[in-house]
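Each chain, written out:
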Amino acid sequence: MDMITSSVIYSIALVFITAVIINKAARGKTISDPVGNNPPPPPVVNGTSIIGVLHTIFTRGLRAMIQDQYTKLGSVFTVSFFGQKVTFLLGPEVSGPFYQALDSEISHGDILEFTVPTLGKEVGYGVDSATRNEQIRFYIDALKPSQLRCHVGSMLQEVEDYFAQWEQQGTVDLKQELEQLLMLISSRCLLGKEVREKMFDEVFSLFHELTENSLRLTSLLFPYAPTPTTRRRDKARAKLSKIFTMIVKSRKSSNIVEADVLQNLIDSKYRDGRSTNEAEITGLIIALLFAGKHTSSATSTWTGVRLLSHIHCLAAAIKEQQKIILKYGDHIDYNVLLEMEFLHHCIKEALRMHPPTPTFLRKVHKNFTVRTKEGREYEIPRGHTLASPLVFNNKIPCIYKNPDAYDPNRFGPGREEDKVGGKFYFTAFSGGRHACPGEAYSYMQIKVIWSHLLRNFELKLVSPFPKTNWGKVASEPKGKVMVSYKRRLLPTNY
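The notes below deal with the structure included here. Residue numbers here run from 1 along each chain, matching the order of that chain's written sequence. It should be noted that, the model being predicted, local features are given only for residues of pLDDT at least 70 and side-chain atom pairs only at 80 or more, the latter also being counted only at that level, while totals for whole chains, interfaces and linings use all residues. Values shown for side chains rest on all heavy atoms present in the structure; no hydrogens or waters enter the calculation.

### Things to note about the overall build of the protein chain
Each helix and strand counted, the protein chain has 19 helices and 13 strands in total. The globule rule is 2.2 Å times the number of residues to the power 0.38, and the radius of gyration it is compared with is taken over C-alpha atoms. Expected size for 494 residues packed as a compact globule is a radius of gyration near 23 Å; at 23 Å, the protein chain falls within 12% of this value. Along the first, second and third principal axes, the C-alpha set of the protein chain runs to 65 × 55 × 40 Å. Any residue under 20% of the maximum accessible area for its type is buried, any over 50% is exposed, and the rest in between are partly exposed; the area is computed with a 1.4 Å probe on protein chains only. Counting only residues that meet the buried cut, the protein chain has 55% of its 494 residues in that class. For helices the rule is a DSSP run of H or I covering at least 4 residues; for strands it is a run of E covering at least 2, with both sets numbered from the N terminus onward.

### Some details on the packing of helix H6 (residues 129–142) against helix H14 (residues 278–309)
Every angle, taken between N-to-C directions, lies between 0 and 180 degrees, and every axis is a line fitted to C-alpha atoms, over only the stretch in contact when it is a helix. It is at 12 Å that the axes of H6 and H14 come closest, and there the two elements cross at 65°. You can see that H6 and H14 cross each other, and the crossing is right-handed. Judged by residue contacts, Gln 135, Phe 138 and Tyr 139 of H6 engage Leu 284, Ile 285, Ala 287 and Leu 288 from H14. The residue makeup of the contact of H6 with H14, split by class, is six nonpolar, one polar and no charged. Left-handed is the label given to a crossing in which the near helix is rotated counterclockwise from the far helix by less than a right angle, and right-handed is the label when the rotation is clockwise. Contacts are residue-level and defined by heavy atoms, with any inter-residue pair within 4.5 Å sufficient. Three residue categories are used. Nonpolar comprises Ala, Val, Leu, Ile, Met, Phe, Trp, Tyr, Cys and Pro, charged comprises Asp, Glu, Lys and Arg, and polar comprises the others, including Gly.

### Let's talk about the nonpolar core
Grouped together as the largest cluster of nonpolar side chains are 119 residues, with contacts concentrated most on Ile 449 and Trp 450. Of all the elements, H14 adds the most residues to this core, at 13 residues. Residue contacts for Ile 449: discarding those within four places in its chain leaves Val 159, Phe 163, Leu 178, Leu 181, Leu 182 and Ile 185. Think of a nonpolar core as a cluster: buried Ala, Val, Leu, Ile, Met, Phe, Trp, Tyr and Cys residues, connected wherever their side-chain atoms sit within 4.5 Å. Counting residues in each nonpolar core, the second largest holds 16 residues, with Val 76, Phe 98, Tyr 99 and Phe 360 among its members.

### With respect to a nonpolar patch on the surface
Residues enter a patch when their relative accessible area is above 30% and they make no salt bridge; the linking distance is 9 Å between like charges and 5 Å between nonpolar side chains (Val, Leu, Ile, Met, Phe, Trp, Tyr). Methods summary: accessible areas were calculated by the Shrake-Rupley approach with a probe of 1.4 Å, and residue burial reflects only the protein chains presented. Here, a salt bridge means any Lys or Arg side-chain nitrogen found within 4 Å of an Asp or Glu carboxyl oxygen. The grouping of Leu 217, Leu 221 and Phe 222 at the surface amounts to a nonpolar patch, some 290 Å² of accessible area in total. Phe 222 gets classed as exposed once you look at its relative accessible area, which sits at 53%.

### Details of the packing of aromatic side chains
Given two aromatic rings, their pairing is described by the distance between the two centres and the angle made by the two planes. We call Phe, Tyr and Trp rings a pair once their centres come within 6.5 Å, taking the six-membered ring for Trp, and we label the pair stacked below 30 degrees between planes, edge-to-face above 60, and tilted otherwise. Scanning the model with the defined rule gives 16 aromatic pairs in all. Ring centres of Phe 457 and Tyr 485 lie 5.8 Å apart, and the angle between their planes is 90°; this geometry places the pair in the edge-to-face category. Of this pair, Phe 457 sits in strand S10 (residues 457–461) while Tyr 485 sits in strand S13 (residues 482–487), and the two are 28 residues apart along the sequence. For Phe 457, a relative accessible area of 2% translates into the label buried. On the basis of relative accessible area, Tyr 485 is assigned to the buried category, the value being 7%. Three or more aromatic residues link up through ring pairs in this structure, and these residues are Tyr 162, Phe 163, Trp 166, Phe 457 and Tyr 485.

### Concerning the sheet that holds S10
A strand pair is defined by DSSP finding two or more bridges across the two strands. Pairing in this open sheet of three strands is antiparallel, and the strands run S5-S13-S10 from one edge to the other. Each edge of the sheet is formed by a strand with only one pairing partner; in this case those strands are strand S5 (169–173) and S10. Pairwise comparison of adjacent strand axes, ignoring direction, gives a mean angle of 25° for this sheet. Where S5 lies against S13, five bridges are found, and the strand directions are antiparallel. Within S13, the residue paired with Gly 170 across the bridge is Tyr 485. With respect to the sheet, H14 is in contact with S10 and S13, its orientation differing from that of S10 by roughly 85°.

### Here's the deal with the environment of Val 336
With respect to the helices and strands, the residue Val 336 is situated in helix H16 (residues 334–338). Taking the C-alpha atoms as reference points, Val 336 and Val 203, 133 residues apart in sequence, are found 32 Å from one another. For Val 336, the residues in contact, after removing those within four places along its chain, are Ile 324, Tyr 328 and His 331.

### Remarks on the sheet that holds strand S6 (residues 359–364)
Judged by pairing direction, the sheet is mixed, and its six strands sit side by side in the order S1-S2-S3-S9-S6-S4 without closing on themselves. A strand with exactly one partner marks an edge of an open sheet, and here the two such strands are strand S1 (44–45) and strand S4 (106–107). As judged from the five bridges shared by S6 and strand S9 (residues 385–389), these two strands associate in the antiparallel manner. By the bridge assignment for S9, Arg 362 is matched with Leu 386. Along the sheet face, helix H2 (residues 49–60) touches S1 and strand S2 (76–81) and points at about 100° away from the line of S2.

### Quick word on the environment of Gln 321
By secondary structure assignment, the location of Gln 321 is in helix H15 (residues 311–328). Distance in space between the C-alpha atoms of Gln 321 and Leu 490 is 8.5 Å, their sequence separation being 169 residues. When near neighbours in sequence (up to four residues on either side) are disregarded, Gln 321 contacts Met 340, Leu 343, Ser 451, Leu 454, Arg 455 and Leu 490.

### With respect to the packing of helix H8 (residues 152–163) against helix H9 (residues 174–191)
Axis separation between H8 and H9 bottoms out at 9 Å; the angle between their running directions is 145°. The two elements H8 and H9 meet at a crossing, and its hand is right-handed. Where H8 abuts H9, its residues Ser 154, Met 155, Glu 158, Val 159, Tyr 162 and Phe 163 lie against Glu 177, Gln 180, Leu 181, Leu 184, Ile 185, Arg 188 and Cys 189. Residue composition of the contact of H8 with H9, grouped by class: eight nonpolar, two polar and three charged.

In C-alpha cells:
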C-alpha cells in the first residue's frame, strides 16, 4: 500500500499539476496551424469516466490505469482532468514526435522553470534554446568515448579504495554504500582533485542541501517565493558557486589543466568563439551532478537487487567475469568494460524494469499527427500536455516477452527485443533531441562497481525485495537494502 500511495501522489502531481504549470506558460506561445481536412483528435477520457481512472490509479497504480485505457482506446488517448488535457503516447510507433520535434513544436514548457534558481540563469532553462543546445554540446564533447577512457583508472581507484574498507565479512545497506561511492567517483571524475582531496565533505553537504530544498513541492511550484526552503536552496547554491568560481579562476591563473569534466567545461567554446565563464561553468557542473547522481545511485542499487534475487543471472554475470579474468587478468580499461556485455544487459534490464521516472512530459505548441501501428491517424492539438510513460512503454508485451520478468538475455544476440519496436524502443535515457549525453558514463561507472563486487565478494540479499519509492527524484528502492558479504577471490577454473 505504501508503494501505491507514493506512486499515486507522484503520478497525479507530476502529470496533472505539471499540466497546469506548463499550460499556463504555453499560452501565447503556440503556433497557428492551417485549417483543412485533418485527422480527428485522440479519443478522450473525461466526465464520469475520470472517476474510474482515478480509482484505478489509487488502487492499482499508474501503469494499470494506462493498460486499461490502452485496451479500450489504443495507443493514443487523452485524459481531460479539470480542464487540462494530457495525451498519452504508448509505444515506439507514435513516440517519434515526442523525442524528435523542435522546441518550437514540442517542448518542456515551464516544467523545468524550478531548475533556474538551482542551476543559475546562465544555463539550461535560464537561457534561449540555441544557447542551451550549445551547452548540451559541451556535455556531449566532455562525455564522448575518447574522453571517457581517461576516467576508468580514477573510477577503479575509487572503487578499490572504498571496498578495501569493508571487513572480511559483514552486512551493509547496499543503497547507502553505493550512493556514497558514486559521490566519490563524481568528485574525482567530474569535479576534479581540488574537490576530491580538499573539499569533498563540504561540497557534497552543500549539494545535498541544494537538491533537497530544490525538489520540495513548494520549490517546484513556487521557485521564486521567499520561503525558508528557497532561502536554504539559494544559500547552498551561493556557497557552491563561490567554491567552483575559486577553482576555475585558480586553474586559469596557474595554467593548470586537469583530466576531468570540469576542465572540459572550462575549455569549451561557443560557436562564436566565446569561452564559458565562471557562472556558466558552475551551473553546468551542478546540472550534471543534479541529473546523474540520483539516477546512477538508484540504477546501481536496482542492478544489485535484481542480480541477487535471480541466482541464474548472478551466476552468468560471475561466469562472464571469470572469462574476462582469464583473458586479461586483473587489468580493466575502457575496452575491457565494453566486453562485459552480459553485465551491460543486467544494468539495462534493471533500467527497463525500474525506470528513473514513471513518465516524461512535454507541451505541444503546434498541432501534429501520429499514426498508430494499426494505421489510425490522430491529430494532437496545440495546448495538450504529452506523456510518454516509461512504466508502460518499457513493458509492452509485443516488444518484451514476459515483460514483468527480469531477463537480461532479452537484449542479447538472437533476441535483441529492444530493437523490435524501432528507434524509440528503449528510452530510459530519453531519446532523439533529448537523449541524455551521460548514458555511456553512467553504464561505465556501474560496470566498474559491479565487476569489482562480483570478483571480490560473495553477496546475498538478506532484506526483503524492496518496493519502489516513486516519491524520490529517481525511482529508488524504498528503505534499506541489506546485503551480507564475504570476501573471496573469484576462481577462474570454471
